[in-house]
Amino acid sequence: MKIVIMPGDGIGPEVTHEAVRVIEALGLGIDMKQAAVGGAAYKAYGHPLPPETLAIAEAADGILFGAVGDPDCDTLERHLRPEQAILGLRKALTLFANLRPAKVFKGLEDHSALRPEVASAIDLLIVRELNGDVYFGEKGYRTAADGTREGYDVMSYCESEVRRIAHVAFRAAQGRKGRLCSVDKANVLETSQLWRDVVVEIHKEYPDVQLSHMYVDNAAMQLVRNPGQFDVIVTGNLFGDILSDQASMCVGSIGMLASASLGERKTAHGTYGLYEPIHGSAPDIAGQGLANPMATILSAAMLLRHSLGQAAAADRIEAAVGKALEDGVLGRDLGGRAGTTEIGDAVLARL
Ligand SMILES: NC(=O)C1=CN([C@@H]2O[C@H](COP(=O)(O)OP(=O)(O)OC[C@H]3O[C@@H](n4cnc5c(N)ncnc54)[C@H](O)[C@@H]3O)[C@@H](O)[C@H]2O)C=CC1
Ligand SMILES: CC(C)CC(=O)C(=O)O
Ligand SMILES: [Mg+2]
């Protein structure tokens, strides 16, 4: 079993360090390598996703990714910015299905941005498409007809892209409560109309799943009004990015939400994937030992489950995180005082 750790920038190295300690403590004999990404890779090698990093990623069974993003790099040409590392990995490795589970851990009901009785009903999975949409369309700056500047980013989805993510989402719903809500903006966007048409077609293959559709603006509202109504949400790259940050605050903090990015490639032990917290590099708290590493530790659990076939070890990690929270080990993001290392220690002690 071979994995690669990509710490990245800001709090990325701090949170991945804690997740690595947890993986090591399990004693599974996993071979771990480190590889540079993001602003750190740009500063060391002149590119946010050096070819060596991609080669190491391809040779592994899975990737544990911290975060990328560095204010020093925000004025670089776009193709050299740190964020291109994560976009490039997702695209180059055809990791098109991003699973972002959100559920309220016991003990966190009072720490959600929502009322406890609303928050405690949350147990949902966002299935976000990751290889298409406005993120990967033609983009640029140009001069408009009146001589002023214009920025543009083309939004599009082709049928095959929608089809493959719809299959992932319907199958996920079959393994949960059997309800799938497809979120789009079909009242305005042709991209979304195609999305909706294809999802309806694929639904014929999954008659046991109850399918509904919701416009993204309403979905943002419903996530706050009554998030317990959702089981699986399937949506495009941009809407999924935004709604998952929102869902994180509904369950307590962005420091809690893990994710798996999967494609079709199989490993000897499961499905090849990249695992990362949904948050970014948080430059405002980087280097201060304040970041909550739980999202990254939970991402490591997803890696063990999906890519390494180590479901029991994944369960152990998730149970240890749950116990730490029940025992009141809370980071500042959840209104507590525990620092990054202290949270890592607390999870280790409960493994
Ligand atoms: N996958 C990735 O690598 C991502 C990278 N980014 C990049 O990260 C940089 C910062 O972006 P922001 O919009 O500020 O988003 P962010 O997610 O880094 O931070 C948003 C807010 O949440 C807090 N936060 C995030 N993670 C936390 C944790 N584990 N514990 C406690 N508090 C936490 C931060 O302190 C900040 O106040 C940018 O360069 C952005 O492009 C943003 C999102 C994802
Ligand atoms: C930084 C972006 C490329 C990605 C992002 O915000 C995310 O995947 O959640
Ligand atoms: Mg995001």
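Since this is a predicted model, take the numbers as computed values, not measurements.

The rules we used
- Residues numbered from 1 in each chain as written.
- Chains lettered and ligands numbered in written order.
- Predicted model: local features only at pLDDT ≥ 70, side-chain atom pairs only at ≥ 80, totals over all residues.
- Heavy atoms only, no water.
- Helix = DSSP H or I, 4+ residues; strand = E, 2+ residues; numbered from the N terminus.
- Rg over C-alpha atoms; globule rule 2.2 N^0.38 Å.
- Buried < 20%, exposed > 50% of the residue type's maximum accessible area, 1.4 Å probe, protein only.
- Lys, Arg positive; Asp, Glu negative; His and termini not counted.
- Charge placed at Lys NZ, Arg CZ, Asp CG, Glu CD.
- UniProt positions renumbered as here; feature names shortened; annotations may be inferred.
- 1 Å grid on protein atoms, 1.4 Å probe; cavity = no way out; pocket = protein on both sides within 12 Å on 5 of 7 lines; lining within 4 Å.
- Contact = heavy atoms within 4.5 Å.
- Core = buried A, V, L, I, M, F, W, Y, C linked by side-chain atoms within 4.5 Å.
- Domains from an automatic or database assignment.
- Near = heavy atom within 4 Å.
- Polar contact = N/O pair within 3.5 Å; in protein donor to acceptor, adjacent residues only side chain to side chain.
- Areas by Shrake-Rupley, 256 points an atom, 1.4 Å probe, with all protein chains shown as cover.
- Nonpolar A, V, L, I, M, F, W, Y, C, P; charged D, E, K, R; others polar.
- Sits in = over half its atoms within 2 Å of the grid points.
- Salt bridge = Lys/Arg side-chain N within 4 Å of Asp/Glu carboxyl O.
- Expected span 1.5 Å × (residues − 1).

> Give me the overall build of the protein: which residues, what numbers.
Check the secondary structure of the protein and you find twelve helices and twelve strands. At 20 Å, the protein has a C-alpha radius of gyration in line with the 20 Å of a compact globule built from 351 residues. Expressed along its principal axes, the backbone C-alpha trace of the protein runs to roughly 60 × 50 × 40 Å. Here the protein holds 351 residues, and the buried ones make up 54% of them. Here the protein carries 34 positive and 45 negative side-chain charges, and the mean point of each set is 3 Å from the other.

> How would you summarise the UniProt feature "site: Important for catalysis" (unreviewed entry) in the protein if you had to cite specific residues and measurements?
Per the UniProt record, "site: Important for catalysis" (unreviewed entry) is found at Y135 and K185. Considering only the residues just annotated, the second largest pocket is lined by Y135. Dropping the residues within four chain positions of it, Y135 is found in contact with L87, R128, N237, L238 and D241. Relative to the assigned elements, K185 resides in the loop between β8 (179-184) and α7 (190-203). Here K185 falls in the buried class, since its relative accessible area comes to 18%. Apart from the residues within four sequence positions on either side, K185 is in contact with S192, Y215, V216, D217 and F239.

> Let's hear about unusual backbone geometry: which residues, and what values?
Despite not being glycine, T94 has its phi angle at roughly 50 degrees, a positive value. As for its placement among the helices and strands, T94 is situated in the loop between α4 (83-92) and β4 (97-103).

> For the nonpolar core, give the residues involved together with the corresponding values.
In this structure, V127, F170, L180, M256, V321 and L325 are the most contacted members of the largest nonpolar core, which totals 86 residues. A domain-level breakdown of this core finds at least three residues from each of domain 1 (1-96 + 257-351) and domain 2 (113-251). Ignoring sequence-local partners within four residues, the contact set of L180 consists of A169, F170, A173, V209, Q210, L211, S212, V232, I233 and V234. Grouped together as the second largest cluster of nonpolar side chains are 17 residues, A35, A60, I63 and A85 included.

> Give me the lowdown on the site of ligand 1, citing residues and values where you can.
What surrounds ligand 1 is a group of 19 residues, the closest being V68, E83, G280, A282 and D284. V68 places a polar main-chain atom, nitrogen or oxygen, 2.9 Å from an oxygen atom of ligand 1. For ligand 1, an oxygen atom lies 2.8 Å from a polar atom in the side chain of D284. Summarising the interface, the protein chains cover 68% of the accessible area of ligand 1, which totals 820 Å² for the free molecule. Residues of the shell around ligand 1, tallied by class, amount to nine nonpolar, six polar and four charged.

> How would you summarise the site of ligand 2 if you had to cite specific residues and measurements?
As a matter of local geometry, ligand 2 sits amid E83, I86, L87, R90, R100, R128, D241 and I278. In this structure, an oxygen atom belonging to ligand 2 sits 3.1 Å away from a side-chain N or O atom of R100. Contacts to ligand 2 include D241, whose side-chain N or O atom sits 3.0 Å from an oxygen atom. For ligand 2, the protein covers 75% of the area, taking 290 Å² as the surface of the free molecule. Most atoms of ligand 2, that is more than half of them, are within 2 Å of grid points of the second largest pocket. A per-class count over the shell around ligand 2 returns three nonpolar, no polar and five charged.

> An account of the pattern of salt bridges is needed here, citing residue identities and associated values.
Tallying each qualifying case throughout the model produces 17 salt bridges. R163 is the salt-bridge partner of E159, the closest N and O atoms lying 2.4 Å from each other. Of this pair, E159 and R163 both sit in helix α6 (residues 159-174), four residues apart, which is roughly one turn of that helix. On the basis of relative accessibility, which here comes to 40%, the residue E159 falls in the partly exposed class. Using a relative accessible area of 32% as the deciding quantity, one classes R163 as partly exposed. The partner of D315 in a salt bridge is R305, with the nearest N and O atoms 2.9 Å apart. With D315 in helix α11 (residues 311-326) and R305 in helix α10 (residues 294-306), this pair connects stretches of sequence that are ten residues apart.

> Describe the side chain of D184, listing the residues and the values that go with them.
Summarising the element assignment, D184 is placed in strand β8. Other than its neighbours up to four places away in sequence, D184 contacts S192, W195, R196, M214, Y215, V216 and F239.

> Describe α7, naming the residues involved and giving the relevant values.
Between its first and last C-alpha, α7 extends 20 Å over 14 residues, near the 20 Å set by a 1.5 Å rise per residue. Its buried side turned inward, α7 meets β5 (123-129), α6, β8, β9 (210-215), β10 (232-235) and α9 (237-251).

> Account for the environment of H111, naming residues and giving values.
In this fold, H111 is placed in the loop between β4 and α5 (116-119). On the basis of relative accessibility, which here comes to 30%, the residue H111 falls in the partly exposed class. For the pair H111 and C250, spaced 139 residues apart in sequence, the C-alpha separation works out to 9.0 Å. Residues within four places of H111 in sequence aside, it is in contact with G252, L330 and L334.

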